Amino acid sequence: MERLTNFFTSIMKKYLPDPFVFAIGLTILTFILALIIEDISFLNLTTSWGDGFWDLLAFTTQMAVILAMGYVLATAPITDRFLNKIASMVHTPKTAIIVATLVGGIGSYLNWGFGLVIGGIIAKKLALKVKGVHYPLIIAAAYSGFTFYGLGLSASIPILISTPGHFLEENMGLIALTETIFSLPMIITAIFLLITLPLFNAMLHPKDPKNVKEIDPALHSDAKKLKVNVLEENTFANKLNNSRILSYLIGGLGIVYVIIHFVNGKSLDLNILNFIILFVGIILLGTPAKYTEHLSDGIKTVSGIILQFPFYAGIMAIMAASGLVDTIAKVFVDISTQHSLPFWGLISSFFINFFAPSAGGHWAVQGPFMIDAAKALGASLGETSMSVMLGNAWNDLVQPFWILPALALSRLKLKDIMGFLVMIMFYVGIVYIVATLAWSYLG
């Protein structure tokens, strides 16, 4: 296993470009495929690309907000003390890898933005504390927990199709969460993966100390900058900035709204998730000044996403306008049966996610075709939808887009951790394939 990991790591270091270059290359590749396969003119394709470039602007903002505010939650004093307590109980490199995977996985199951950040933070803490930890691996292990979001409370597709008014409601109706993420097969899959993935990641740790690359403490000092506000300490404005009363009042008002939201029967969606994260963060940080300070640090982790999301929106526009996504999906659907459709949905979703790494946007281009196929073949709509979600979460392990926050926190390059993520991708793929087939054929 170590030789195989070293092989993939060597390949990635030689040939894998930075994430932004990857996005540019993927744009060019999509252009070429659409021109050759779909017989669409260059001018029409260019127009579709440019017109769609900002189609996900609102969604980009939602993603940036959930990550930045997730950072605030993950760095709140109570969370920091909890993570320090966990780190203090870890003493060996393999245990550190296991703990980083668990924290990233459980965090992502609860909320993907929170998990992305808290996983990276605990990985850094453990790397600084435990001697002999291979730094690229522990960052990759923490990030691998991100795959749990596809099985968890913020899984975009299951939440979307359970929400009244979603764009496919007339075609498929509402699919309850008990038929997707809260179904028995998916709960069993989540538990199995939560037990085995940390152990698999620990097995990837280099045995030879010469191959271990430890963290450089000088690059990750948590020393706080001294602030000189002596002249402002007693001013009225400074008292307001540091007022706990204001934070608790507005935070309490936010929590009351959340309660009213769910009491009125409204569903969980990205907007209410962001709302919860915002006001819980305000309460946990205690003062407006502390919240804005932590948020400004969190914004640094989302700069790559703000830059790259429009490029992926453009790629998705090319695929939708040219019919390329239908062609890709149709190849798999044409060989499907009632029971095998979810499996081929998983596989096709994995490949489509390279071009459309946003689950919501991904579903917008693949969902209609998959649901029509499911209805024609008599396949379960819930299983088919969930297979697309799992394919998305599976591919995210090696899709460079969502790795950006982990890279920002760790100060590593994509090529440093991708070799490990390829190995993890193979293992998670086996788990998801077996789970999907068992669900389809055994019920």
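The structure we're discussing is the one just above.
Here goes a summary of the coordinates provided.

Rules of the game
- Residues numbered from 1 in each chain as written.
- Predicted model: local features only at pLDDT ≥ 70, side-chain atom pairs only at ≥ 80, totals over all residues.
- Heavy atoms only, no water.
- Helix = DSSP H or I, 4+ residues; strand = E, 2+ residues; numbered from the N terminus.
- Core = buried A, V, L, I, M, F, W, Y, C linked by side-chain atoms within 4.5 Å.
- Buried < 20%, exposed > 50% of the residue type's maximum accessible area, 1.4 Å probe, protein only.
- Contact = heavy atoms within 4.5 Å.
- Patch = residues over 30% accessible without salt bridge, like charges linked within 9 Å, V, L, I, M, F, W, Y side chains within 5 Å.
- Areas by Shrake-Rupley, 256 points an atom, 1.4 Å probe, with all protein chains shown as cover.
- Salt bridge = Lys/Arg side-chain N within 4 Å of Asp/Glu carboxyl O.
- Lys, Arg positive; Asp, Glu negative; His and termini not counted.
- Charge placed at Lys NZ, Arg CZ, Asp CG, Glu CD.

## Some details on unusual backbone geometry
- Phi angles above zero are rare outside glycine, and Asp39 is one such case at about 55°.
- Of note, Asp39 is situated in the loop between α2 (19-37) and α3 (42-52).
- In the Ramachandran plot, Arg411 falls in the positive-phi region, its phi being about 65° despite a non-glycine side chain.
- Tracing the chain through its elements places Arg411 in the loop between α21 (404-410) and α22 (414-442).

## Some remarks on the nonpolar core
- In terms of nonpolar packing, the biggest core is built from 132 residues, with Ile138 and Trp402 touching the most fellow members.
- Per element, the largest residue contribution to this core is 15 residues, and it comes from α22.
- Among residues more than four places away in sequence, those in contact with Ile138 are Ala96, Ile97, Ala100, Ala123, Leu126, Ala127 and Val133.
- Counting five residues, the second largest nonpolar core, distinct from the first, contains Phe31, Ala34, Leu45 and Ile318.

## Some thoughts on a positive patch on the surface
- Together, Lys13, Lys213, Lys413 and Lys415 make up a region of like positive charge exposed at the surface.
- For Lys13, the position within the fold is in helix α1 (residues 2-15).
- Take Lys13: its relative accessible area is 46%, and that puts it in the partly exposed class.

## Here's the deal with the environment of Lys375
- By the element assignment, Lys375 lies in helix α19 (residues 359-377).
- Overall, Lys375 belongs to the partly exposed group, its relative accessible area being 45%.
- If sequence neighbours within four positions are ignored, Lys375 has contacts with Asn171 and Leu381.

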